[in-house]
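Architecture and fold: a report
The residues making up each chain are set out below.
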Amino acid sequence: MYGGRLVQRCINITVMQCYTGTDNGQTMPRKNKGQLTKKAERRTITLLYNDVIVRLNDMKKKKEVLKMPPKAKLSKEEIIETAFEMTRENGFEHVTARELAHRLGCSTQPIFHVFQNMEEVKKEVYERTRDFITKEMMENPHGEPLFLYMGLRYVELAGQEKNLFRLLCMSDSFRMNSIYELAGAVPEQADARLFVKVWVFTHGIASVAATNTTSLPREEIRELLTEVYKEFAHEG
């Protein structure tokens, strides 16, 4: 639209100059009437050249846009996994819709096409975190006593995956009506009440390990867990 107006202006100026010798309608001496001055000719050529450049740039931009492939729709799993990794890096409090969209390479619209709000995303990331921690704790390659291996691994994960631990166990997403609800995830071969007692103690150590300034020796944790287990087992 802009280029068309510019071309028309050039034509109008040229016509006026041809009949009057100027571009403002003032009459020039008779001998110059109908003659296009060199100055006007150069001005007209310059304007036409600039218009061509503008049009070529516009065509180039449109061509580049047409070449861009459409953004594929995001799956629920892709959004959750990306938010999970961002939580591991910086904590869920830093996972905003804008930052999540930036990491996914899209606008926020595809995210909210899958989730109604970021609270729903948080719930899914919480479940993903719980599955991750549970899987890590249940792998016992060396066949150590279950309470000992799970306890040691839990404390290690609290120190290694601080942001995930805080989301799982130190945020408003962690709710229980009774401490013995922990027994719902107790392995079949373990005594539920003994497991929960040891686990409460273990969680206390893990909470200390989750701070940025704490590094607890593995052997020290092993000794503490073993002593506590024996004490609680003796009470039972």
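Reference entry: report on the structure contained in this document. (Residues numbered from 1 in each chain as written. Predicted model: local features only at pLDDT ≥ 70, side-chain atom pairs only at ≥ 80, totals over all residues. Heavy atoms only, no water.)

Overview of the pattern of salt bridges
Evaluated as defined, the whole model comprises 11 salt bridges. Among the ionic pairs, R153 bridges to E136, the shortest N-O distance being 2.7 Å. Highlighted residues: R153 in helix α7 (residues 146-160) and E136 in helix α6 (residues 118-138), separated in sequence by 17 residues. Relative accessible area serves as the criterion here: at 14%, R153 is assigned to the buried category. The network of salt bridges with shared partners includes E136, R153, E156 and R218. (Salt bridge = Lys/Arg side-chain N within 4 Å of Asp/Glu carboxyl O. Helix = DSSP H or I, 4+ residues; strand = E, 2+ residues; numbered from the N terminus. Buried < 20%, exposed > 50% of the residue type's maximum accessible area, 1.4 Å probe, protein only.)

Remarks on the packing of helix α3 (residues 76-90) against helix α8 (residues 162-169)
Interhelical geometry of α3 versus α8 gives an angle of 105° and a closest axis separation of 6 Å. Viewed along their axes, α3 and α8 adopt a mutual orientation that is roughly perpendicular. Across the interface between the two elements, F84, T87, R88, E89 and N90 from α3 touch N163, L164 and L167 from α8. Partitioning the contact of α3 with α8 into residue classes produces three nonpolar, three polar and two charged. (Axes fitted to C-alpha atoms, helices over the stretch in contact; angles between N-to-C directions. Parallel < 35°, antiparallel > 145°, perpendicular 65-115°, else oblique. Contact = heavy atoms within 4.5 Å. Nonpolar A, V, L, I, M, F, W, Y, C, P; charged D, E, K, R; others polar.)

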